[in-house]
Amino acid sequence: MRKRNVAPTVDQIMQDKCHQLAAQYWSPSSQTKQEYDPAVIDDVYKKQLVATNYNTRRIMMLEVSQYLELYLWPNFDPESATVDHIISIAVMINEKFRERVPAWQAFISKPDHVSAFFKLVMKHSLMDSGLSMKEQTVMIVFLIQSFNSLEIDIIREQVQRVVSLAMWTCLLPSRLDRELKTKPKLKKFWSVIKKNDAKMDDETKTRVDFERNFLRKLIDKFYRVLDKIPEQGPADSDEIHYCERFVELLIDLEALLPTRRFFNTVMDDAHVVVKCQLSGLATREIEGKLFRELLQILKFYAGFEINDHTGSALSDSEMMDMHYNDIISLQKAAFKHFPDLRKFALSNVASVDTRESLLKQFKPMTTEKLTEIATYLCMIAPPDKDEENQAAFNKKFLLEMLVSTHEKRISQLEALNETPLYPTEQILWDENVVPTEYFSGDGCLALPKLNLQFLTLHDYLLRNLNLFRLESTYEIRQDIEDAIVRLKPWKSEDGGTVFGGWARMAQPISSMNVVEVSKPNIGEGHPASVRADVSVLLSVRTQIKQEWEGLRKHDVCFLVTVKATKTYGQPFNRNEPFIPRVGLAYVRGCEIEGMLDVEGRVIEDTPEPKPRLPGDKRTFRVWLDPNQYQIDMTDAMSGHEDVYDTFNVLLRRKPKENNFKAVLETMRDLMNTECVVPDWLHDIILGYSDPSAAHYSKMDNQIATLDWNDTFLDLRHLEKSFPDYDIQVSNDEQLDVAPPFRLTFCDVKKNKNSTDTMEIEKKIIVAPHRMPNRGPYPYNQPRRNMIMFTPTQIEAVRAGMQPGLTMVVGPPGSGKTDVAVQIISNIYHNFPDQRTLIVTHSNQALNQLFEKIMALDVDERHLLRLGHGEEALETEKDFSRYGRVNYVLAQRLELLEEVSRLQQSLGVSGDVGYTCETAGHFFLYQIISRWEAFLSKINKQMDTSAINSEFPFHKFFSNAKQPLFKGKSYDEDLEIAQGCFRHMKKIFTQLEEFRAFELLRSGLDRSKYLLVKEAKIIAMTCTHAALKRRELVELGFQYDNILMEESAQILEIETFIPLLLQNPHDGFNQLKRWIMIGDHHQLPPVIKNMAFQRYSNMEQSLFTRFVRLGVPTVDLDAQGRARASICNLYKWRYKKLDNLPHVDNTSEYRVANPGLPYDFQLINVEDFNGVGESEPNPYFYQNLGEAEYCVALFMYMRLIGYPAECISILTTYNGQKHLIRDVIGQRCESNPLIGRPHKVTTVDRYQGQQNDYIILSLVRTRNVGHIRDVRRLVVAMSRARLGLYVFARVALFQNCYELSPAFKQLLERPTELFLLPHETYPPTRMADTQRPPIVMRSMPDMAQFVYSFYTQKTDYMRQSIQYEKSRVAKDAEKLVEPRAETADKSDRSKDEPVDHSAMPEHPGRDSDSDDEQAEETETNVEPKTIVEPETNVEPETKVEPETIVE
């Protein structure tokens, strides 16, 4: 098990030599900095890095001190730089990548010497002597980071030089000729390269040749290191680590098309894969395990199904053709030049293209003959021209090279389809593939990476599938370990396994039988399906029994075999590896089909309650993985144990965490179907081509004229929204210049291929138009937008209405949701036949979006919400599938009643309101005829009175506001009459749409019809889309537009899947718009395993990758959530972020927070009882001092009147969250004066939410922790609207480079908590008013103050109540005779108020003095003489106004 790196404490940092050197030479806060001294760098390198064997803690201390930014790079001189200086820079860059902080900022700020630095790195990385193996590994890691940073311009310029076409100069001449013959276009470029070479001087030619041959020479150096490692005996771990890192570099070069295009040929020419397979390291059982796993990935990418030069994916048939051509070429050569292979030459391809048949043909041949064949095939140089390498070309090498080149490979798709979806014990506990929670980032792993670019869509999906499967595997491993340990498996006397404990999520299996193995489908080698019956005894509590009986169809469970090794009562050592500790042998996944009834039949999932079964025995019918079953049976036939006879534990998981199999199946389905992505998106998703190619301004089908509906409040708003355009109003109909407006943009090109070079006029023609009258009832009036959108928001709306890809970056509080809703509304009204899919990360965000959509002018029948989050909608209406079906049926009845009422008003006989069909006939033959007759009459008379007298539907509209017609003008009354007709027509139009619901009888069929035909706006989470893709595609679900909220929080693959929820139409995806709204400056998707998050970059969202690629974005630039001062804490992270006018003008932002002098403050918290942070479990950090301080401030705020729902307490770690909840439960929860805050949760969980007042605990006291990720800092700082109070160890956070823009502002204010206890809520003091505060020096001081303050408050309340009672009693005595004064005192005591002063003690409170003070409090003081709480504060705690630090 890997050990974690222990982070240094603040005291250690302060006392450390690195910190002292920083203070002396480069710290910005140092007052007496000394001049630059090169010897300092050499000294630091030798003593702090080399002497400590590159200790991670030492490197971390140097990096935190800004060693790179302030000393190494500013003083770097290529002419005089020492090797120590060069390696030190590389080490710091590598550390920044390990810490996941921006790494190239120093290079970008001072780019002059970047090129020279890279040349020095390349030069030293080729050296065999003078550098240790660790130093050489540092260079390789630096190159890895460089090749993975192609989005950085200055880095891309350097690395492109070494992977260009010119690097083919290092190919064998014969191989080069063959490559250029097969690629004529490259031959032209090669001729240009040769001409340019002829013109170069010697110095330039030497430099260029070095760059061209660099990677080939680096491979040769790698060979020399690899050859040093023997097959057996001791091996240098540094050499092994170097080789592992070098293979990682090769994988990264092969996995990116810009680097792969020409390098793949060079690598093949160098026979890297063959050389590595035959190396001593690859044969070492333990030390070579990671190397072998990396080599498998390299081999996969070396033969990837892609045309390296065009970038197009190769189909299975194309790959087969290439294979056949290679074999046929080999056969022709054999027939012509090698008589010994005549039989091989005349055989058919299928009989000789396997590894076994090729070995049979070539193995008997001599080394000389094999060399001759390889030379003829341009695989190696002729012996006479490459004598020094001939020794390496032994028979074993030559044989493997020939066989591996010509053997038939199984297609990647076939391999994927044969791979089991469930993890087994071999993968679950392989730490090279599924690392533990302690991943330091120092080494490499056998994992795919999510880079900027991908080779093909197959590659894109495969990497995501593998990572998603492994992330799920990590979570499954945790669940299995937890459950099995709770079961306490012990070895019985007969050698079996008994369980001494119990687990909620696991039960011992009483019996298991495989009941069905179906025949394979045609073309498959595994059974079509495998079913088994698993029985368990549920002798558990009723609640847990119900949970097991509640397992639904398609729920995933795991079958586990435990062969206990410890005898009964023997303790389990938690430090021992898990498998030998508990004796776990096998793990297999299964999928529930259902529970069996007493007759052995599967109980179907229906709305009706399940039948009650007798006894405790329950049997579940499960589906096993056919691929895994085939593998296991093959092993059993070869003598291994039959695993299906050994299972003794059935394990289930929580439903929310158990959808991984459905998502994996969806991804596999995508890879097995023609993955048709819109042409305008394909290259951008893979990371190539022009990043702005899908922007609406470059789309062929850009629309010039659109109806902006209610987007603008008035013409002035429109003019402000387009400051760069000339606004011209076209009012042909002489209407009032008021919304809605129809806008025509004159700068939209009619034809993208037009050769017209005239300057395009930036002009907008505004045409106001009148909304047609919809009817005489108030509900007929359209709901309108009331938000005055900013110009940037208007640009986002414009982009969203146009075809193409729209990316909107929305800082906190910038109105992302309002923009999204307006885009949806405008698309709905402009394109009524199109359907829009809304996708978000969370149900909460989806519900917020849906509630705002319902407030706009969108017909309710066109809204549909899929998934299980619709119950959280703050509305009585049900927008789920079945809820919408019920709405349609109810609406149908209401409309038919209206038809019947219309029939009665017209005096028509018959039952026309019986069905939608009869209503349709009634409309056609009765309504339209009357309407046409009415129009004919009024057109002849053209008289206002004629409209009123001839209108045939007066009686039907008698329940509308009267008089129906105003009689002022003919046009106005005619419009009212037409509105009435539109109202009736809409009734019959809806009934015609609802007619299908009369024909479809089942709720399922009706819901499917609703989804496929009726709904225009369909909302779901990304998880639901991934789970239900197959079902949606089979239904024929179609849509034209996608809008994604929270895009930066959605995994790559979960963003991609919604693009393909429909079948292509005529071979094309009909998607027209993709609107992505998110904020990559806030937190990314949640990845639990640190290795997948850091090494594989799995936390990168597609939104973030697009931003890195340079896809154009609309950056919203005005926020309306937080006070301007609080916004300053995070606005520096954005290009531009101002405040909306109401932030400066509204009263709630202009008044101060009562009881607190500052609207934000950083409060320093020292160790409490000598303890700062603690870590009872991995990454479960807690800090009792901060927890108590946060709760004390919350209690104080509640005591002066703050509403509890306006306060949230946030923290950066789960451990602290639970601790704060415990403290609140002990001190506040049961107290009616205080209660609980609105929420106590983590910063990560609170993203997307806000509150008026935020209390934030940063927890850490030893090192900064993951708040160093600036994205988490932005989220933490931006949750508060009116007040933010941060509790942290100031000495730790104030020197963190990444956090300095925010903490510099926080540190401008005092770091001790300032209070104004005489103020109460609601606020009255203006924000710019200053009053003398009380200062809390520490947490114990605050705790004691709050207790005293609370006691005084409760005493005051008690005295007020008693005074009021005595006053009422005196008034009563004047009206009635005095009563005897012998009443028992105990009777009076029943009416006395509850004593709230019995509050749990805070740590650090002086309980004796408080109790004495409480006893001495007088109880009969008149209210006017009651001492207010603030006057009882000790005078020495007061601070005079002039001493307040601003």
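From a predicted model like this one, the values you see are computed outputs, not experimental measurements. Along each chain, numbering runs from 1 in the same order as the chain's sequence is written. With pLDDT at 70 or above as the cut-off, local features in this predicted model cover only qualifying residues; side-chain atom pairs require 80 or more to be listed or tallied, and sums for whole chains, interfaces and linings still use all residues. As a rule here, side-chain values come from all non-hydrogen atoms in the structure, and water together with hydrogens is ignored.

### Regarding the sheet that holds strand 11 (residues 741–745)
Hydrogen bonds between backbone groups are what pair the strands of a sheet, and the pairing can be parallel or antiparallel.
Item 1. Spatially, the 4 strands line up as an open sheet ordered 9-11-12-10, and their pairing is mixed. Here the strands that pair on one side only, and so sit at the sheet edges, are strand 9 (705–707) and strand 10 (726–729). This sheet shows a mean twist of 25 degrees between the axes of neighbouring strands, independent of strand direction. Strands are treated as partners if at least two bridges between them are detected by DSSP. Helix and strand assignments come from DSSP, with helices taken as H or I runs of at least 4 residues and strands as E runs of at least 2, each series counted from the N terminus. All axes are obtained by fitting lines to C-alpha atoms, using only the stretch in contact for helices, and the reported angles, taken between N-to-C directions, cover 0 to 180 degrees.

### A look at the pattern of salt bridges
Item 1. A pair is scored as a salt bridge if a Lys or Arg side-chain nitrogen falls within 4 Å of a carboxyl oxygen belonging to Asp or Glu. Tallying each qualifying case throughout the model produces 93 salt bridges.
Item 2. Among the salt bridges present, the one from lysine 134 reaches aspartate 238, with a minimum N-O distance of 3.7 Å. Placement of lysine 134 in helix 9 (residues 133–147) and of aspartate 238 in helix 14 (residues 237–254) is noted, with a sequence separation of 104 residues between them.
Item 3. Any residue under 20% of the maximum accessible area for its type is buried, any over 50% is exposed, and the rest in between are partly exposed; the area is computed with a 1.4 Å probe on protein chains only. By relative accessible area, which is 25% here, aspartate 238 ends up partly exposed.
Item 4. Lysine 661 is the partner of glutamate 591 in a salt bridge, and the nearest nitrogen-oxygen pair spans 2.7 Å. You can see glutamate 591 sitting in strand 6 (residues 584–595) and its partner lysine 661 sitting in helix 31 (residues 660–672), a full 70 residues away along the chain. For the residue pair glutamate 591 and lysine 661, the accessibility class agrees, reading buried in each case.
Item 5. Several salt bridges share partner residues, and in doing so they unite Glu63, Glu69, Glu95, Lys96, Arg98, Glu99, Asp442, Arg1268 and Glu1298 into one network.

### Comments concerning the packing of helix 37 (residues 881–906) against helix 38 (residues 916–941)
Item 1. The contact between helix 37 and helix 38 brings their axes to 11 Å, and the two run at 40 degrees. As summarised for this structure, helix 37 and helix 38 are arranged oblique, according to the angle between their axes. In the crossing of helix 37 with helix 38, the sense of the turn from one axis to the other is left-handed. Residue-level inspection shows Arg892, Leu896, Val899, Leu902, Gln903 and Leu906 of helix 37 in contact with helix 38, the latter providing Cys916, Ala919, Phe922, Ile927 and Arg930.
Item 2. Within the contact of helix 37 with helix 38, the residues separate by chemical class into 8 nonpolar, 1 polar and 2 charged. We call two directions roughly parallel when the angle between them is under 35 degrees, roughly antiparallel when it is over 145, roughly perpendicular when it lies between 65 and 115, and oblique otherwise. Definitions for this section: a left-handed crossing has its near helix turned counterclockwise from the far helix by less than a right angle. A right-handed crossing has that turn clockwise. Contacts are residue-level and defined by heavy atoms, with any inter-residue pair within 4.5 Å sufficient. Residues were grouped as follows: Ala, Val, Leu, Ile, Met, Phe, Trp, Tyr, Cys and Pro as nonpolar; Asp, Glu, Lys and Arg as charged; and all remaining residues, including Gly, as polar.

### Structural notes on the nonpolar core
Item 1. Counting 246 residues, the largest nonpolar core has Phe107, Trp168, Leu805, Phe1056, Trp1074 and Phe1106 as the members making the most contacts within it.
Item 2. At 14 residues, the largest contribution of residues to this core is made by helix 27 (residues 457–487).
Item 3. Sequence-distant contacts of phenylalanine 1106, that is, excluding residues within four places in its chain, are made with Ile684, Ile685, Leu805, Met807, Trp1074, Met1076 and Val1111.
Item 4. In these notes, a set of buried Ala, Val, Leu, Ile, Met, Phe, Trp, Tyr and Cys residues joined through side-chain atoms within 4.5 Å is what counts as a nonpolar core. Counting residues in each nonpolar core, the second largest holds 46 residues, with Ile824, Ile838, Phe879 and Ile1077 among its members.

### Some thoughts on the sheet that holds strand 3 (residues 506–517)
Item 1. The sheet built from 6 strands closes into a barrel, its strands ordered 3-4-7-6-5-8 with antiparallel pairing. Geometrically, the sheet is characterised by an average inter-axis angle of 45 degrees between neighbouring strands, direction not taken into account.
Item 2. As paired elements, strand 4 (residues 530–537) and strand 7 (residues 617–624) share 8 bridges and run antiparallel to each other. Looking at the pairing, valine 534 lines up with phenylalanine 620 of strand 7.
Item 3. Running over the sheet, helix 27 touches strand 3, strand 5 (556–562), strand 6 and strand 8 (649–652) and is turned about 130 degrees from strand 8.

### Overview of the side chain of glutamine 1161
Item 1. Here glutamine 1161 shows up in strand 22 (residues 1160–1164).
Item 2. Among the residues examined, glutamine 1161 registers a relative accessible area of 1% and is labelled buried.

### Regarding the packing of aromatic side chains
Item 1. The criterion for an aromatic pair is that two Phe, Tyr or Trp rings (for Trp, the six-membered ring) have centres within 6.5 Å, with stacked assigned to planes under 30 degrees apart, edge-to-face to planes over 60 apart and tilted to the rest. Under the counting rule described, the total for this entry stands at 69 aromatic pairs.
Item 2. Between phenylalanine 934 and phenylalanine 951, the aromatic rings sit 5.6 Å apart at their centres with planes inclined by 80 degrees, giving edge-to-face as the arrangement. In this pair, phenylalanine 934 is assigned in helix 38 and phenylalanine 951 in the loop between helix 39 (944–950) and helix 40 (970–999), connecting sequence segments 17 residues apart.
Item 3. Relative accessible area serves as the criterion here: at 2%, phenylalanine 934 is assigned to the buried category.
Item 4. Criterion for a charge above a ring: Arg CZ or Lys NZ at most 6 Å from the ring centre, at most 35 degrees from the ring normal. The residue whose ring lies beneath arginine 884 is tyrosine 887, and the NZ or CZ to ring-centre distance is 4.4 Å.

### Let's talk about a negative patch on the surface
Item 1. Note that patches include only residues with greater than 30% relative accessible area and no salt bridge, and the join distances are 9 Å for like charges and 5 Å for nonpolar side chains (Val, Leu, Ile, Met, Phe, Trp, Tyr). Each accessible area is a Shrake-Rupley result for a 1.4 Å probe, and residues are judged covered by the shown protein chains and nothing else. For the charge count, each Lys or Arg is scored as positive and each Asp or Glu as negative, with His and the chain ends excluded. Each charge is placed at NZ for Lys, CZ for Arg, CG for Asp and CD for Glu. On the surface, Asp316, Glu414, Glu418 and Glu524 cluster together to form a negatively charged patch.
Item 2. Position of glutamate 524 relative to the elements: it lies in the loop between strand 3 and strand 4.

### Looking at empty space enclosed by the protein
Where empty space is left becomes clear once a probe the size of a water molecule has been rolled over the atoms.
Item 1. Only protein atoms enter the calculation, which uses a 1 Å grid: trapped sets of points that fit a 1.4 Å probe without letting it out are cavities, open sets showing protein on both sides within 12 Å along at least five of seven lines are pockets, and any residue with an atom within 4 Å of a point is a lining residue. Grid points are joined across faces, edges and corners, and a volume is the space filled by probe spheres set on the points. In total, this model carries 8 cavities of 30 Å³ or more according to the counting rule given.
Item 2. Estimated volume of the largest cavity: approximately 110 Å³.
Item 3. Lining of the largest cavity is provided by 14 residues; of these, Ile251, Asp252, Leu447, Pro448 and Lys449 occupy positions nearest its centre.
Item 4. The set of elements that each furnish at least two residues to the lining of the largest cavity consists of helix 14 and helix 18 (289–302).
Item 5. Taken together, the residues of the lining of the largest cavity sort by class into 9 nonpolar, 1 polar and 4 charged.
Item 6. If you add up the space inside the second largest cavity, you get close to 60 Å³.
Item 7. In this structure, the second largest cavity is lined by Leu551, Arg552, Lys553, Glu593, Gly594, Met595, Val602, Ile603, Glu604, Asp605 and Lys610.

### Considering unusual backbone geometry
Item 1. Note that the residue after proline 739, namely proline 740, is joined by a cis bond; omega there is 5 degrees.
Item 2. You can see proline 740 is positioned in the loop between strand 10 and strand 11.
Item 3. Residue proline 963 is reached from glutamine 962 by a cis peptide bond, and omega for that bond is -5 degrees.
Item 4. Tracing the sequence through the fold places proline 963 in the loop between helix 39 and helix 40.
Item 5. Despite not being glycine, arginine 100 shows a phi value in the positive range, around 60 degrees.
Item 6. Note on placement: arginine 100 falls in the loop between helix 6 (83–99) and helix 7 (105–109).
Item 7. Phi at asparagine 1169 is positive, roughly 55 degrees, even though this residue is not glycine.
Item 8. Position of asparagine 1169 among the secondary structure elements: in the loop between strand 22 and strand 23 (1174–1177).

### Regarding the environment of methionine 1195
Item 1. Structurally, methionine 1195 can be placed in helix 50 (residues 1184–1199).
Item 2. Judged by its relative accessible area of 0%, methionine 1195 falls in the buried class.
Item 3. Residues methionine 1195 and serine 351, 844 residues apart in the sequence, show an inter-C-alpha distance of 83 Å.

### A few points about the packing of helix 37 against helix 40
Item 1. Closest axis-to-axis distance for the helix 37/helix 40 pair is 9 Å, and the angle between their directions is 130 degrees. As judged from the angle between their axes, helix 37 and helix 40 are oblique. Crossing geometry of helix 37 relative to helix 40 is assigned as left-handed. Residues Val885, Val888, Leu889, Gln891, Arg892, Leu895, Leu896, Glu898, Val899 and Leu902 of helix 37 touch helix 40, and the partners they reach there are Met984, Ile987, Phe988, Gln990, Leu991, Phe994, Phe997 and Glu998.

### Some words on the environment of tyrosine 777
Item 1. As for its placement among the helices and strands, tyrosine 777 is situated in the loop between strand 12 (763–768) and helix 34 (791–801).
Item 2. In this structure the C-alpha to C-alpha distance between tyrosine 777 and cysteine 980, which are 203 residues apart in sequence, comes to 9.2 Å.
Item 3. Beyond its immediate stretch of four places on either side in the chain, tyrosine 777 contacts Arg901, Phe956, Phe957, Asn959, Ala960 and His983.

### A few points about helix 51 (residues 1214–1227)
Item 1. The span one expects for a helix is its residue count, reduced by one, times 1.5 Å. Its 14 residues place the ends of helix 51 20 Å apart at the C-alpha level, agreeing with the 20 Å of an ideal helix rising 1.5 Å per residue.
Item 2. Among all positions in helix 51, only Gly1215, Gln1216, Lys1217, Leu1219, Ile1220, Val1223, Ile1224 and Arg1227 are buried.
Item 3. Structurally, helix 51 contributes buried residues whose contacts are with strand 24 (1180–1182), helix 50, strand 25 (1207–1211), strand 26 (1239–1242) and strand 27 (1251–1257).

### Regarding helix 24 (residues 395–406)
Residues spaced three or four apart along an α-helix point in a common direction, a consequence of the helix completing one turn every 3.6 residues.
Item 1. With 12 residues, helix 24 should cover 16 Å at 1.5 Å per step; its first-to-last C-alpha distance of 17 Å lies within 8% of that length.
Item 2. The buried count for helix 24 comes to 9 of 12 residues, which makes it a mostly enclosed element.
Item 3. Of all the residues in helix 24, the buried ones are Phe397, Leu398, Leu399, Glu400, Met401, Leu402, Val403, Ser404 and His406.
Item 4. Along its buried surface, helix 24 packs onto helix 16 (272–277), helix 19 (316–337), helix 21 (355–362) and helix 22 (367–376).

### Focus on the environment of arginine 175
Item 1. Relative to the helices and strands, arginine 175 is located in helix 11 (residues 173–182).
Item 2. Between the C-alpha atoms of arginine 175 and alanine 381, which are 206 residues apart in sequence, the distance is 9.2 Å.
Item 3. What arginine 175 contacts, discounting residues up to four positions off in sequence, is Thr265, Asp268, Asp269 and Cys378.

### Considerations on the pairing of strand 3
Item 1. Bridge count for strand 3 against strand 8 is 3 bridges, and the pairing is antiparallel. Each bridged residue has a counterpart across the sheet, and for alanine 506 the counterpart in strand 8 is leucine 651.
Item 2. Examined bridge by bridge, strand 3 and strand 4 share 7 bridges and lie antiparallel to one another. Counterpart to valine 514 in the pairing with strand 4 is alanine 532.

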